[in-house]
Amino acid sequence: FHGHDRYSVSDGVNSTSSIVNEHLEKGYNRVLLTNHGTCASNIELIKCCNEHNIDPTIGIEFYYIPEINRDKVQNESSEFVIARDDSKTFHLTVLVASEKGQENLNKLIYLSNLKKEDSVTVDGLSGCHYSKPRITEAQLFHFSEGLIVSSGCRLSVFNQLILSGQTDKASEMLLLFKANLQN
C-alpha cells in the first residue's frame, strides 16, 4: 500500500503526472504516493490530481529507527538486531487521514530532517537525522493523530522480524504500535 515516483531515489523512475495518468487509464479514483523520506512531489501530485478530478492520498515512507526494544534478538538460524544504530533504518509507511494528520506529518518530516545536535525541538522532541531523514517511535507516537501507519515494504521492522523467523518479536512490536498510535 505504497508507491514511488522519481523523487524516491533508486525506487521510482516515473513522473508524478505519468503515475496519475496510469491510474486514470485503469479507472482508479485515487492516487497514493509515499516517497522515501520526502513529500517533494505532493504539490505536483495534488495539482495533477485536481486537473483530472482524481483524489490524491498524501503520504511518505519514513526511515524509522526503533528506540524501545534495543536488545539483540536471536533465533536458531539467524540474528536480527533491533538497536538504536546510527546506520540501521527500517521503512514505515505513513498516510494522511485528516487535516490534523497533515499537520502532524509536516512536524514529523521537519523532525526527521533535524540532527540531534541542532538544538531545535518540537514539543520537546529532537531530531535524529543521520545521512537520511529518520523518525523514532517517540516522535511517531506523539504526532500520530490523523495518520494511518502501515508496515510498508519488506524493509519494515515488522517484516524484517518475520523474515528472520522472529514472529513473536514482530507481534510484540505490532502491539506496541497499536497501543501507542492515537488512531
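Residues numbered from 1 in each chain as written. Predicted model: local features only at pLDDT ≥ 70, side-chain atom pairs only at ≥ 80, totals over all residues. Heavy atoms only, no water.

## Remarks on the overall build of the protein chain
Within the protein chain, the secondary structure is distributed over six helices and nine strands. Per-residue burial over the protein chain gives 45% buried out of 183 residues. Taking the intrachain contacts of the protein chain between residues at least 6 apart in sequence as the baseline, contacts between residues at least 24 apart amount to 67%. When the accessible area of the protein chain is evaluated, it comes to approximately 9,500 Å², of which 48% is carbon and sulfur surface. (Helix = DSSP H or I, 4+ residues; strand = E, 2+ residues; numbered from the N terminus. Buried < 20%, exposed > 50% of the residue type's maximum accessible area, 1.4 Å probe, protein only. Contact = heavy atoms within 4.5 Å. Areas by Shrake-Rupley, 256 points an atom, 1.4 Å probe, with all protein chains shown as cover.)

## Describing the side chain of Ser144
Looking at where Ser144 falls in the secondary structure, it is placed in the loop between α4 (137-142) and β9 (147-150). Looking at Ser144, its side chain comes within polar contact range of the main-chain oxygen of Phe141, at 3.2 Å. (Polar contact = N/O pair within 3.5 Å; in protein donor to acceptor, adjacent residues only side chain to side chain.)

## A short note on the pattern of salt bridges
Tallied over the entire structure, the rule returns five salt bridges. A salt bridge links Lys100 to Glu103; its shortest N-O distance comes to 3.3 Å. You can see Lys100 and its partner Glu103 sitting in helix α3 (residues 99-112), three residues apart, about one turn around the helix. With a relative accessible area of 38%, Glu103 lands in the partly exposed category. Linking Glu103 and Lys107 is a salt bridge whose minimum nitrogen-to-oxygen distance equals 3.4 Å. In this pair, Glu103 and Lys107 both sit in helix α3, four residues apart, roughly one turn of the helix. (Salt bridge = Lys/Arg side-chain N within 4 Å of Asp/Glu carboxyl O.)

## Considering the confidence of the model for the protein chain
Per-residue confidence for the protein chain averages 80 on the pLDDT scale, and 79% of its residues sit at or above 70. Predicted confidence is poor over residues 69-85, with pLDDT under 50, and the contacts of this stretch with residues over four places away or in other chains come to 40 contacts. (pLDDT = per-residue confidence, 0-100.)

## Structural notes on unusual backbone geometry
Phi is positive for Asn53, which is not a glycine, with a value near 55°. With respect to the helices and strands, Asn53 occurs in the loop between α2 (42-51) and β2 (55-65).

## Re the environment of Ala40
Within the secondary structure, Ala40 is located in the loop between β1 (30-33) and α2. Along the primary structure Ala40 and Ile60 are separated by 20 residues, whereas in three dimensions their C-alpha atoms are 9.7 Å apart.

## A look at α3
Over its 14 residues, α3 extends 20 Å from the first C-alpha to the last, a length consistent with the 20 Å expected when each residue adds 1.5 Å. What α3 keeps buried is the set Gly101, Asn104, Leu105, Leu108, Ile109, Leu111 and Ser112. What you see down the axis of α3 is that its buried residues fit within an arc of 160°, all on one side. (Expected span 1.5 Å × (residues − 1). Arc of directions from axis to C-beta.)

## A word on the packing of aromatic side chains
Enumeration over the complete set of coordinates arrives at three aromatic pairs. When the ring of Phe141 is compared with that of Phe177, the centres are 5.1 Å apart and the planes differ by 85°; the resulting orientation is edge-to-face. Remark: Phe177 occurs in helix α6 (residues 167-180) and Phe141 occurs in helix α4; sequence separation between them is 36 residues. The exposure class of Phe177 is buried, given its relative accessible area of 3%. Geometrically, the ring pair formed by Phe158 and Phe177 is edge-to-face, given 5.1 Å between the ring centres and 80° between the ring planes. Here the residue Phe158 occupies a position in helix α5 (residues 157-163), and Phe177 occupies one in helix α6, the gap between them amounting to 19 residues. We note that Phe158, like Phe177, is buried. (Phe/Tyr/Trp six-rings, centres within 6.5 Å; stacked < 30°, edge-to-face > 60°.)

## Structural notes on the packing of helix α1 (residues 16-25) against α2
At a minimum axis distance of 9 Å, the contact between α1 and α2 shows a crossing angle of 40°. Taken together, the axes of α1 and α2 are oblique relative to one another. For the pair α1 and α2, the crossing hand works out as right-handed. Note on element contacts: α2 touches α1 through Glu44, Leu45, Cys48 and Cys49, opposite Thr16, Ser17 and Val20. Among the residues making up the contact of α1 with α2, the classes are represented as four nonpolar, two polar and one charged. (Axes fitted to C-alpha atoms, helices over the stretch in contact; angles between N-to-C directions. Parallel < 35°, antiparallel > 145°, perpendicular 65-115°, else oblique. Left-handed = near helix turned anticlockwise from the far one by under 90°. Nonpolar A, V, L, I, M, F, W, Y, C, P; charged D, E, K, R; others polar.)

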